[in-house]
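# Survey of secondary and tertiary structure
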Amino acid sequence: MKDYSQLINEAIRVRENSYSPYSGFKVGASVLCKNGKIYTGCNVENSAYSECLCAERVALSKAISEGECEFLAISVVGGKQKITDFVYPCGACRQFLSELCPPQLEVVLFNGKETKITTLDSLLPSSFNKFSIK
Ligand code: THU
């Protein structure tokens, strides 16, 4: 198994910046680019609930806006207080990732104890994507 400890630690660190007064659920995400750079993001909520931003989309948008276009992995951690369970990207984030990342993107989850690695393709099989609208 690849060593994703730095990527996970970045997600844990940025999670502390979560702005989540409505759910109390703090999420951190970190994206690993092919060039080795890491971009991070946390969830940012809003009193108009539908405007809440997920951590994954914040992290990936930060990377894209800095000109990055090749991604290897994303790590996600979350929880109300401590990190005790694996937090999977929501459906909207899976779709968002599928636009910008390869199907073999590694999705690295951490529950405070153990690491689980899956892929975008296994989380969103048979996706509707940019190749679907040719
Ligand atoms: N959240 C994320 O940041 N990522 C996900 O993939 C799932 C949900 C956030 C949105 C909201 O701020 C809080 O977690 C509770 O749903």
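Before reading further, recall that the structure is shown in the block above.
Residues numbered from 1 in each chain as written. Predicted model: local features only at pLDDT ≥ 70, side-chain atom pairs only at ≥ 80, totals over all residues. Heavy atoms only, no water.

## Thoughts on the sheet that holds strand 1 (residues 26–33)
Spatial strand order, 2-1-3-4-5: 5 strands in an open sheet with mixed pairing. At either margin of the open sheet sits one strand with a lone partner, and together these are strand 2 (38–42) and strand 5 (115–119). Averaged over neighbouring strand pairs, the angle between their axes works out to 20 degrees when direction is ignored. Here strand 1 runs beside strand 2; their pairing, made up of 5 bridges, is antiparallel. The partner of V31 across the bridge, within strand 2, is Y39. Most of the contacts of helix 1 (residues 5–15) go to strand 1, to which it runs at about 145 degrees, and overall it touches strand 1, strand 2, strand 3 (71–79), strand 4 (106–110) and strand 5. (Pairing = 2+ DSSP bridges. Helix = DSSP H or I, 4+ residues; strand = E, 2+ residues; numbered from the N terminus. Axes fitted to C-alpha atoms, helices over the stretch in contact; angles between N-to-C directions. Contact = heavy atoms within 4.5 Å.)

## Comments concerning the layout of surface pockets
With a probe scaled to a water molecule rolled over the atoms, the places where space remains empty come into view. One number sums up the size of the largest pocket: a volume of about 210 Å³. Taken together, 14 residues make up the lining of the largest pocket; nearest its centre are S98, C101, P102, P103 and N129. Considering each element in turn, the lining of the largest pocket owes the most residues, 3 residues, to helix 3 (residues 91–100). The volume enclosed by the second largest pocket comes to roughly 170 Å³. For the second largest pocket, the lining is made up of 14 residues, of which F25, V27, C54, E56 and C90 are closest to its centre. (1 Å grid on protein atoms, 1.4 Å probe; cavity = no way out; pocket = protein on both sides within 12 Å on 5 of 7 lines; lining within 4 Å. Points joined across faces, edges and corners; volume = space filled by probe spheres on them.)

## With respect to the pattern of salt bridges
Within this structure, the stated rule accounts for 6 salt bridges. With its nearest N and O atoms 3.0 Å apart, the salt bridge here joins K2 to E106. Placement of the pair is K2 in the segment before helix 1 and E106 in strand 4, with a sequence separation of 104 residues. Across the pair E10 and R13 runs a salt bridge, and its minimum N-O distance is 3.0 Å. You can see E10 and its partner R13 sitting in helix 1, 3 residues apart, about one turn around the helix. The exposure class assigned to E10 is partly exposed, which follows from its relative accessible area of 23%. Judged by its relative accessible area of 43%, R13 is partly exposed. (Salt bridge = Lys/Arg side-chain N within 4 Å of Asp/Glu carboxyl O. Buried < 20%, exposed > 50% of the residue type's maximum accessible area, 1.4 Å probe, protein only.)

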